[in-house]
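Structure assessment
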Amino acid sequence: MDETLAKKLRILADAAKYDASCASSGAPKRAAGKDGLGSTTGAGICHAYTPDGRCVSLLKILLTNWCLFDCAYCVNRRSSNVRRAKFSVDEVVRLTVEFYKRNYIEGLFLSSGIIRSPDHTMELLTRVAKALRRDHGFRGYIHLKTIPEASPWLIEEAGLYADRLSINVELPTEASLERLAPEKDGAAIEGAMAQIGERIAEARAEKRRFSPAGHSTQVIVGADDTTDAALIAKSAHLYGRVGLKRVYYSAFSPIPDGAAILPLKSPPLQREHRLYQADWLLRYYDFSPAEVAEAADDGMLALDIDPKLAWALKNRARFPVDVNRAEREMLLRVPGLGARAVDRIVQARRHTTLRLDDVARLTSGLKRARPFLIAADHRPVALTDRLDLRTRLAEPARQLSLF
């Protein structure tokens, strides 16, 4: 690799680190043909671990960090004094192919600042994916960031070559966008997301290829005063209206020479973690946004306990529940019981009356679940009498060690 290209790579790989939405879950399994390159699995990417223990990664870069927009929270904003660089389409294609051949990567995550116009930028991004697929037979994973202001036909063309498309909603409210990113239009962003969702649904119904791994978005946490409850309500709205595969939550990181309207420090990373847990409750545990909000105090999720436990402690009168009789919906609300464990319990109790030892064989979370469950040989005291329950079940803070 020549020195100029290596310098660009250092700048544009570093500039891409703020985008969290780079997992590859949901991509269909593919293998290259005789003269092709690459493969993909339905497992995670971006230095994630597959079920068989493999670590997979992707080339995560910006096409350029030059940008027409001046979003206050973005290190690559127009008024920023960061070092700038721009790849050509051929350079990104060459890097991807060479890195794959060296076994560095299994896919590409490509985003960009807005240069010249949204249509011009979107065309360049699409040309990269098109060249990889058509000219090099690349069958690995490709994730393209989509420019919401771009023409619909350009976005549709991108979906023909990418495994996943994504548009960052950035901030959860129109008021926050107007204050921190006035050149962006929340309605236009959501409209473009809805368009992608419709095309994905149509392609699946017609059994043709269009962004087969779905589409996702990212929201910045802590750059404004939006509460956790409002963030989760926004995510639920997007899951329902535009058919998102996933919402990513990215804790705001202070930037050099940041605007005075921005916070001086990042929110606790534990807040980001709790939002992911609450999001999981929406998608896999049948919680409503109102129930997640019920677990919060003044709209903010507790940092010392997970949202599911917080909800259970605020609804003590509904516990304990009988593991042999309770509806699946209620078992999903028992702290310590995952969705798979609940399904195993429902299946097992069709054939026998479950005792506590039986539940222990079906889940690794019995210690947390025990105060909330009734079994054939177990009946805990009423939760309203256990004033110390939160203290006992909260995970104690501990210093992690490298050894």
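Since the model is a prediction, treat every value here as computed from it, not as a measurement. (Residues numbered from 1 in each chain as written. Predicted model: local features only at pLDDT ≥ 70, side-chain atom pairs only at ≥ 80, totals over all residues. Heavy atoms only, no water.)

Turning our eyes to something else, we now look at the packing of helix 6 (residues 186-206) against helix 7 (residues 228-242). At their nearest, the axes of helix 6 and helix 7 sit 9 Å apart, and the two run at 40° to each other. By the criterion of interaxial angle, the relationship of helix 6 to helix 7 is oblique. Residues Glu 190, Met 193, Ala 194 and Gly 197 of helix 6 lie in contact with helix 7, whose contacting residues are Lys 234, His 237, Leu 238, Arg 241 and Val 242. (Axes fitted to C-alpha atoms, helices over the stretch in contact; angles between N-to-C directions. Helix = DSSP H or I, 4+ residues; strand = E, 2+ residues; numbered from the N terminus. Parallel < 35°, antiparallel > 145°, perpendicular 65-115°, else oblique. Contact = heavy atoms within 4.5 Å.)

Next up on the list: the packing of helix 1 (residues 3-15) against helix 2 (residues 89-101). A pair of packed helices is characterised by two quantities: the angle between their axes and the separation of those axes. Packing of helix 1 against helix 2 leaves a shortest axis separation of 12 Å and a crossing angle of 90°. The orientation of helix 1 with respect to helix 2, classified from their angle, is roughly perpendicular. Across from Leu 5, Lys 8 and Leu 9 in helix 1, the residues of helix 2 making contact are Glu 91, Arg 94, Leu 95 and Phe 99. Here the residues of the contact of helix 1 with helix 2 are counted per class, giving four nonpolar, no polar and three charged. (Nonpolar A, V, L, I, M, F, W, Y, C, P; charged D, E, K, R; others polar.)

One pass over the full model with this rule turns up seven aromatic pairs. When the centroid spacing of 6.1 Å and the interplanar angle of 85° are considered together, the rings of Tyr 100 and Phe 138 count as edge-to-face. Here Phe 138 lies in the loop between helix 3 (118-136) and strand 7 (141-145) and Tyr 100 lies in helix 2, a separation of 38 residues in the sequence. Residue Phe 138 is classed as buried on the basis of its relative accessible area of 1%. Both rings, one in Trp 311 and one in Phe 319, keep their centres 6.2 Å apart while their planes meet at 85°; by these two values the pair is edge-to-face. Across the pair, Phe 319 and Trp 311 agree in class, each one buried. Among the aromatic residues, ring-to-ring pairing joins Phe 287, Trp 311, Phe 319 and Phe 372 into one connected group. Over the face of the ring belonging to Phe 109 we find Lys 60, whose NZ or CZ atom lies 5.7 Å from the ring centre. Between Arg 84 and the ring centre of Trp 66, over which it is positioned, the NZ or CZ distance is 5.4 Å. (Phe/Tyr/Trp six-rings, centres within 6.5 Å; stacked < 30°, edge-to-face > 60°. Buried < 20%, exposed > 50% of the residue type's maximum accessible area, 1.4 Å probe, protein only. Lys NZ or Arg CZ within 6 Å of the ring centre and 35° of its normal.)

Turning to helix 10 (residues 307-314), a few remarks are in order. In an α-helix, one turn spans 3.6 residues; hence positions three or four apart end up facing the same way. Across the eight residues of helix 10, seven count as buried, placing the element largely inside the fold. For helix 10, the set of buried residues is Pro 307, Lys 308, Leu 309, Ala 310, Trp 311, Ala 312 and Leu 313. Buried residues along helix 10 sit against helix 8 (269-284), helix 9 (289-294), helix 11 (328-331), helix 14 (366-369) and helix 15 (389-393). Two or three places before Lys 308, at the start of helix 10, stands the capping residue Asp 306, its side-chain oxygen 3.0 Å from that residue's backbone nitrogen. (Polar contact = N/O pair within 3.5 Å; in protein donor to acceptor, adjacent residues only side chain to side chain.)

Within the largest apolar cluster, 119 residues are counted, with the highest numbers of intra-cluster contacts made by Tyr 73, Phe 87, Leu 110, Leu 331, Phe 372 and Leu 373. In this structure, this core is formed jointly by two domains, domain 1 (3-24 + 41-267) and domain 2 (307-393), each of which donates at least three residues. (Core = buried A, V, L, I, M, F, W, Y, C linked by side-chain atoms within 4.5 Å. Domains from an automatic or database assignment.)

Right, let's talk about helix 12 (residues 339-348) for a bit. Those residues of helix 12 lying buried are Ala 339, Ala 341, Val 342, Ile 345 and Val 346. Taken down its axis, helix 12 places every buried residue within 160° of arc, on the same side. Where the residues of helix 12 are buried, they touch helix 8, helix 11 and helix 13 (356-362). (Arc of directions from axis to C-beta.)

Moving on, we come to the pattern of salt bridges. For the coordinates displayed, the defined rule picks out 24 salt bridges. Among the salt bridges present, the one from Arg 361 reaches Asp 358, with a minimum N-O distance of 2.4 Å. With Arg 361 and Asp 358 both in helix 13 and three residues apart, this pair spans about one turn of that helix. Because the salt bridges share partners, they merge into one network encompassing Glu 156, Glu 198, Arg 199 and Glu 202. (Salt bridge = Lys/Arg side-chain N within 4 Å of Asp/Glu carboxyl O.)

The subject of this paragraph is the confidence of the model for the protein chain. Caution applies to low-pLDDT regions: their predicted coordinates should not be interpreted in detail. Looking at the protein chain, pLDDT values average 88 and 88% of them are 70 or higher. Mean pLDDT in the protein chain bottoms out at strand 3 (residues 48-49), which sits at 40, and peaks at helix 3, which reaches 97. For residues 38-45, every residue scores under 50 in pLDDT, and the model assigns this stretch 43 contacts once sequence neighbours within four places are set aside. Segment residues 48-53: pLDDT under 50, and nine contacts once partners within four positions in sequence are set aside and those in other chains are kept. (pLDDT = per-residue confidence, 0-100.)

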